[in-house]
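In case you want the letters, here they are:
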Amino acid sequence: MKRRQQGILTGMPFMANVSDRSFVDDLGRKVYLARPAQRIISLAPSVTEMLFAVGLDAEIVGVTTFCDYPAQAKVKPKIGSSIPNLEAILGLKPDLLLGNQDFIRPDVLAKLDQLRVPVFLLLPKTVEDVLRHIGTVGKLGGHEKQARLVVNDLRDRLFKIRQRMASVRRLRVFYVVSADPLISVGSGSFIHSMLETAGGENIVGGTSKAYPKVSLEEVLRKDPEALLFPVGTTEGVPDDEQQRWRKWRGMSAVAQNRLYQVKADLVNRPGPRVIEGIEGLARLLHPELFSLKDTGL
């Protein structure tokens, strides 16, 4: 049996013997690599950030229209957004597509499978998953050493955050993903893990769903001490929707003026900047632990 020129065979376990490396993504999909991927298309902003972080920027041949960080990502060929342009993808002759399950529709994935385009998907549920994914991305592209250095640095920063948060009284927090319908984050989301690591107690953390719909009555009953709103140029909660919460003067978060804006890119993207996001959340929730001159953890 001939190997594909790209050096990758996917989806058929009986072909494992023709490859010297095999990988299984978070959906249980098998990808077999005869050599490190050399033409990679990123299907999510977080994946693009990982690729650049581990030094695989030259191997990136395509990204989504949402991939805007680092700045070099903006000049990479675009393949669309949540509904990618399949012709553009095929024209770039990728040997691997890397994505986040939340960023790819099932019907699009099915079409890519029909076209026999290799796809490796990530599904982070915790901060640890994000760090593990960075290592995996490095292995897929043959940059294991670079990825290990990145992960070790991030783990050091994460360790320092956890040390500082070890003895704090956790604030009850409510993270607003969307106001209409009202959606937050449950224990199935890596953002929940970020909130807990930063010294918060997610008031809807009891649900295993990643992004559960929540009733206003439930929020008022659980009385959060801090409200968190992601904001950014391309995503986030509009300011007028944030201000509407101020009418609930009996809520602890409103009474104590703890309505905080967080950079959406640092919290919503499960990439190497999540640690920066956790650091920012910790400073918002527990400013008493940080001096004005304290620029590091």
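Sequence order sets the numbering: in each chain, residues are counted from 1 along the sequence as written. Given that the model is predicted, a residue must reach a pLDDT of at least 70 before its local features are reported, and side-chain atom pairs must reach 80 or more before they are shown or counted; all residues, however, enter totals for whole chains, interfaces and linings. Computation of side-chain values: all heavy atoms of the structure, hydrogens and water removed.

Asks: Now, about unusual backbone geometry: what can you tell me, with residues and values included?
Replies: P70 follows Y69 through a cis peptide bond whose omega is -5°. Secondary structure elements follow DSSP: runs of H or I of four or more residues count as helices, runs of E of two or more count as strands, with numbering from the N terminus. Positionally, P70 belongs in the loop between strand 5 (60–62) and helix 2 (86–91). Residue P181 is reached from D180 by a cis peptide bond, and omega for that bond is 0°. Positive phi, close to 50°, is recorded for K93, a residue that is not glycine. Relative to the helices and strands, K93 is located in the loop between helix 2 and strand 6 (96–100). Even without being a glycine, D223 presents a positive backbone phi close to 45°. Assignment of secondary structure puts D223 in the loop between helix 7 (216–222) and strand 12 (226–231).

Asks: Report on the sheet that holds strand 6, specifying residues and quantitative values.
Replies: A strand pair is defined by DSSP finding two or more bridges across the two strands. Spatially, 5-4-6-7 is the arrangement adopted by the four strands of the open sheet, whose pairing is parallel. A single partner strand is all that each edge strand has here, and the edge strands are strand 5 and strand 7 (119–122). Neighbour-to-neighbour, the strand axes of the sheet open up by a mean angle of 35°, direction not taken into account. Every residue pair with non-hydrogen atoms within 4.5 Å of one another is taken to be in contact. For helices, the fitted line uses only the C-alpha atoms of the stretch in contact; every axis is such a line through C-alpha atoms, and the angle between N-to-C directions lies from 0 to 180 degrees. Packing of helix 4 (residues 127–140) onto the sheet brings it into contact with strand 6 and strand 7, and relative to strand 7 it is tilted by some 165°.

Asks: Can you explain the pairing of strand 3 (residues 30–33)? Please cite residues and give values.
Replies: Here strand 2 (residues 21–24) runs beside strand 3; their pairing, made up of four bridges, is antiparallel. Considered in strand 3, the bridge of F23 is made with V31.

Asks: Tell me about the side chain of S46, and name the residues and values.
Replies: Among the secondary structure elements, S46 is positioned in helix 1 (residues 45–53). Residues in contact with S46, not counting those within four places in the same chain, are N100, R269, P270, G271 and P272.

Asks: Can you explain the pattern of salt bridges? Please cite residues and give values.
Replies: The term salt bridge refers to a side-chain nitrogen of Lys or Arg lying within 4 Å of a carboxyl oxygen of Asp or Glu. This structure, assessed with the given rule, holds 17 salt bridges. In this structure, D26 engages R132 in a salt bridge whose closest nitrogen and oxygen atoms are separated by 3.6 Å. Of this pair, D26 sits in the loop between strand 2 and strand 3 while R132 sits in helix 4; the two residues are 106 residues apart in sequence, bridging distant segments of the chain. Its relative accessible area of 28% is what places D26 among the partly exposed residues. Between E218 and K222 there is a salt bridge, and its shortest N-O distance comes to 3.0 Å. Of this pair, E218 and K222 both sit in helix 7, four residues apart, which is roughly one turn of the helix. Its relative accessible area of 28% is what places K222 among the partly exposed residues. When a residue's accessible area, from a 1.4 Å probe over protein chains only, is under 20% of the maximum for its type it is buried; when over 50% it is exposed; and in between it is partly exposed.

Asks: Before we move on, could you go through the packing of helix 6 (residues 190–197) against helix 11 (residues 274–285) and cite the residues and values that matter?
Replies: Relative to each other, helix 6 and helix 11 sit at 45°, their axes nearing to 8 Å. Accordingly, the angle class assigned to the pair helix 6 and helix 11 is oblique. In terms of crossing hand, the pair formed by helix 6 and helix 11 is right-handed. Mapping the contact onto sequence places F190, M194, L195 and T197 in helix 6 and V274, G277, I278 and L281 in helix 11. Should an angle lie under 35 degrees it is considered roughly parallel, over 145 roughly antiparallel, and from 65 to 115 roughly perpendicular; all remaining angles are considered oblique. Working rule for handedness: look at the near helix, and if it is turned counterclockwise from the far one by less than a right angle, call the crossing left-handed; if clockwise, right-handed.

Asks: Give me the packing of aromatic side chains: which residues, what numbers.
Replies: Ring geometry is summarised as follows: Phe, Tyr and Trp rings, the Trp one being its six-membered ring, pair when their centres sit within 6.5 Å, and such pairs are stacked at plane angles under 30 degrees, edge-to-face over 60 and tilted between the two. In total, this model carries two aromatic pairs according to the counting rule given. Centroid distance F66 to F103: 6.1 Å. Interplanar angle 85°. Geometry classified as edge-to-face. Taken as a pair, F66 in the loop between strand 5 and helix 2 and F103 in the loop between strand 6 and helix 3 (106–114) lie far apart in primary sequence, 37 residues in all. Look at F66 and you get partly exposed, because its relative accessible area is 36%. Relative to W245, the ring of F174 has its centre 6.0 Å away and its plane inclined at 55°; by these criteria the two rings are tilted. Of the two residues, F174 is situated in strand 8 (residues 171–175) and W245 in the loop between helix 8 (239–243) and helix 9 (252–255); the sequence distance between them amounts to 71 residues. The ring of Y69 carries R273 above its face, with NZ or CZ at 3.6 Å from the centroid. By the criterion adopted, a ring carries a charge over it if an Arg CZ or a Lys NZ lies within 6 Å of its centre and within 35 degrees of its normal.

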